[in-house]
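Summary of structural features
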Amino acid sequence: MANDKRDLDACSILVEQKPCVALSWSMTSNAPVLTTPDADCDLCPRLKAYREANRAAHPDWFNAPVPCFGDEKAQLLIVGLAPGVTGANRTARPFTGDWAGDLLYATLDKFGLSKGVYAQHKDDGLELVNTMITNAVRCVPPQNKPIGAEMTACRGFLQGRLDSLPNLKVVLSLGKISHDNVLRARGMKLSDAKFAHGACHEMDGFTLIDSYHCSRYNTNTRRLTTQMFEDVFALVQQKLAQ
């Protein structure tokens with residue numbers, strides 16, 4: 001999450017006052033496109049150990065790297081931080097089973113980006129419209145805090161997901177960690193694009209839009225309000241329509 005201490009009034013977005021900044025990068029890797037880790041991925045020893053501990057304690061939970069959810073032809077990719085231990089780690093679907101998902105899926109429904117009723121489990125029949133959701137880190141981290149080495153190890157899967165969406169137009173980063181990992185997945189410096197709620201960055205191939213994460217902490221402290229979140233999605237819709 002961002003450490004920006006500005007007043008909430010200063011954080012409220014007015015989309016017409018936030019012009020996009022054009023950015024570019026150069027990708028030279030010929031590595032194969034990978035979008036999903038193995039169920040027993042061992043790239044991150046700490047996350048593997050935590051995953052195995054959860055399997056022992058809760059054998060009825062998913063307890064594996066959480067796959068992406070949504071439309072393989074999506075124009076919008078939403079990138080979160082990592083699965084929550086009793087949310088996506090339990091249910092096997094991003095942002096499903098916790099407070100962050102309640103706000104996210106309600107907002108997707110309001111903006112016509114989903115069909116069906118969100119019922120906090122992966123078999124509720126919910127479908128995303130022109131949208132896919134993923135996380136910067138696919139396995140649940142202790143205390144919801146992945147470390148740098150884990151983000152680096154998992155970045156190839158984020159890069160693979162970005163590269164595998166043929167119609168991608170907009171990436172919505174939920175939180176600074178998501179934002180930073182999208183930049184790094186594109187071989188860019190963090191100084192190339194500063195995270196800020198409502199910020200818009202025109203990149204080669206897609207528009208990157210930032211939002212504070214829709215976590216319970218951010219909403220309880222009113223760092224992020226429902227209106228602020230909906231303002232970001234209004235901006236997303238503008239960009240999708242262009």
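Residues numbered from 1 in each chain as written. Predicted model: local features only at pLDDT ≥ 70, side-chain atom pairs only at ≥ 80, totals over all residues. Heavy atoms only, no water.

Regarding the nonpolar core
Here is a general trend for soluble globular proteins: nonpolar side chains tend to be buried in one another's company. Filter applied, for reference: By nonpolar core we mean a set of buried residues, namely Ala, Val, Leu, Ile, Met, Phe, Trp, Tyr and Cys, connected to one another through side-chain atoms within 4.5 Å. The classification of residues rests on relative accessible area computed with a 1.4 Å probe and restricted to protein chains. Under 20% of the type maximum is buried, over 50% is exposed, and intermediate values are partly exposed. Each helix corresponds to a stretch of at least 4 residues labelled H or I by DSSP, and each strand to a stretch of at least 2 residues labelled E; elements are numbered beginning at the N terminus. Here a residue-residue contact requires only that any non-hydrogen atoms of the pair lie within 4.5 Å.
Residues Ile 78, Leu 104, Tyr 105, Leu 108, Leu 172, Cys 214 and Phe 233 are the most contacted members of the largest nonpolar core, which totals 31 residues. Counting residues per element, the ones that place at least two in this core are strand 3 (76-80), helix 4 (99-110), strand 7 (170-174) and helix 8 (226-241). The dominant element in this core, judged by the number of residues it contributes, is helix 8, at 7 residues. In this structure, Tyr 105 is in contact with Phe 69, Arg 93, Pro 94, Phe 95, Thr 96, Ser 114, Tyr 118, Leu 126, Leu 128 and Ile 133, ignoring residues within four places of it in sequence.

Notes on the state of the cysteines
For clarity, the threshold we go by: To count as a disulfide, a pair of cysteine sulfur atoms needs to be within 2.5 Å.
What the rule picks out here adds up to 0 disulfides. Left unpaired, Cys 41 is separated from the closest cysteine sulfur, that of Cys 139, by 5.9 Å. Assessed through its relative accessible area of 15%, Cys 41 is described here as buried. A disulfide-free cysteine, Cys 44 has its sulfur positioned 6.3 Å from the sulfur of Cys 41, the nearest such atom.

With respect to the side chain of Arg 93
Within the secondary structure layout, Arg 93 lies in the loop between helix 3 (88-91) and helix 4. By relative accessible area, which is 3% here, Arg 93 ends up buried. If sequence neighbours within four positions are ignored, Arg 93 has contacts with Val 66, Phe 69, Ala 88, Tyr 105, Tyr 118, His 121, Lys 122, Asp 124 and Leu 126.

Quick look at the pairing of strand 8 (residues 200-203)
We count it as follows: Here the rule is simple: two strands pair whenever DSSP picks up at least two bridges between them.
In terms of strand pairing, strand 8 meets strand 9 (residues 206-211) through 4 bridges, oriented antiparallel. Bridge assignment links His 201 to a residue of strand 9, and that residue is Leu 208. What sits between the antiparallel neighbours strand 8 and strand 9 is a turn of 2 residues, in which Gly 205 has the positive phi angle 105°.

So, the pairing of strand 9
Counting buried positions along strand 9 yields 6 of 6 residues, so the element is predominantly enclosed. Pairing of strand 7 with strand 9 involves 5 bridges; the strand directions are parallel. Among the inter-strand pairings, Leu 174 is bridged to a residue of strand 9, identified as Ser 211.

Treat this as a map of the structure, not an account of what it does.
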